[in-house]
Amino acid sequence: HLTELVDETERSALLDRAPLDLRVNALKTSPETLLPQFPEAEMLPHSLYALRLPTGQAVDNHPAVLDGLVEIQDLGSQLIVDACRVKPRMTVLDLCAGAGGKTLALAGLMSNEGRLIATDTNRARLDQLRPRGNRAGALNIEILLLNPGKENAMLSDLSGKCDVVLIDAPCSGSGTWRRNPETRWRLDPARLQRVIDEQARLLGIGAEMVASGGHMVYAVCSLIAAEGRGQVAGFLASNSGWRAVGTGVPAGRPDGDGTLLTPHHDGCDGFFFARLEKL
């Protein structure tokens, strides 16, 4: 199932230890101000707020983490947020927000101005966002728990009004196997088909919320083509009022109508993401 871009070198990289990346919280500080607190950190290219620490370093109880100055977040996730290209005063929907890592990054880029809605169907994960948002000083986040199958009705007030919709969709997780090696043994054809069907359903929900001229960013932490470029190709073939546009992210490799990030090539978790414009 892996794309042809994922060669033996990349498969070997999926067995390595994952790095420890931080995202500097733009609402509270800057990388230059924060760097003295992490003397072993290096600033990463391609993203303005990304720092990398030596693998194995523990930071959970570091004052900068506890004070919300930084969040632990892989470079790949940060690049996906960059692809959203949000600005203050926009209306932005994070449809599969989970515990809110990308939501917090979006809030930083929006400078607490505009409307930022974080939704998910998993209450336990979404409940983590409010205390994280308070710690980060992210004041413009609206949190909404969705009922599966009733998303369109519960989001009806946003229909056709969002400047950006981010869909960080449920997936096989194949791009994060080095962090969660046990998940590779849980993946079988039936489970893969279920997540592919759910991804297509979520694309349809997200598309309904985007304003004319707005954008949808679709992302999966997967290296499997059917979840990435195949999913986007299917959506574009079925929706004539959309087109793929550049992500603006100077990393990764082209893969169909999107971008593929891989551990060996890009030094981050494996992701596919694409930016789609509503005409």
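That block above? That's the structure.
No experiment lies behind these values; they were computed from the predicted model shown.

Draft legend 1. Summary view of the environment of Leu155. Position of Leu155 relative to the elements: it lies in the loop between helix 8 (151–154) and strand 8 (162–168). Along the chain, Leu155 and Ile143 lie twelve residues apart, while their C-alpha atoms are 12 Å from each other. What Leu155 contacts, discounting residues up to four positions off in sequence, is Leu93, Leu95, Thr119, Leu144, Leu146, Ile205 and Met209.

Draft legend 2. Up close: the environment of Ala207. You can see Ala207 is positioned in helix 9 (residues 189–209). Taking the C-alpha atoms as reference, Ala207 lies 9.6 Å from Glu277; in sequence the two are 70 residues apart. If sequence neighbours within four positions are ignored, Ala207 has contacts with Met216, Phe235, Trp242 and Lys278.

Draft legend 3. Geometry of empty space enclosed by the protein. With the rule as written, the count across this model stands at one cavity of 30 Å³ or more. Each pocket or cavity is described by its volume, and for the largest cavity that value is around 90 Å³. Lining the largest cavity are Arg23, Val24, Ala26, Ser47, Tyr49, Gln78, Val81, Asp82, Ala105, Gly108 and Leu109. Listed by contribution, the elements that provide at least two residues to the lining of the largest cavity are strand 1 (20–24), helix 4 (75–84) and helix 5 (101–110). Within the lining of the largest cavity, the residues separate by chemical class into six nonpolar, three polar and two charged.

Draft legend 4. A look at the layout of surface pockets. Roughly 1,100 Å³ of volume is contained in the largest pocket. Mapped by element, the contributors of at least two residues to the lining of the largest pocket are strand 1, helix 5 and helix 9. For the lining of the largest pocket, the leading source of residues is helix 9, giving three residues. As a volume, the second largest pocket reaches approximately 190 Å³.

Calculation rules
Residues numbered from 1 in each chain as written. Predicted model: local features only at pLDDT ≥ 70, side-chain atom pairs only at ≥ 80, totals over all residues. Heavy atoms only, no water. Helix = DSSP H or I, 4+ residues; strand = E, 2+ residues; numbered from the N terminus. Contact = heavy atoms within 4.5 Å. 1 Å grid on protein atoms, 1.4 Å probe; cavity = no way out; pocket = protein on both sides within 12 Å on 5 of 7 lines; lining within 4 Å. Points joined across faces, edges and corners; volume = space filled by probe spheres on them. Nonpolar A, V, L, I, M, F, W, Y, C, P; charged D, E, K, R; others polar.

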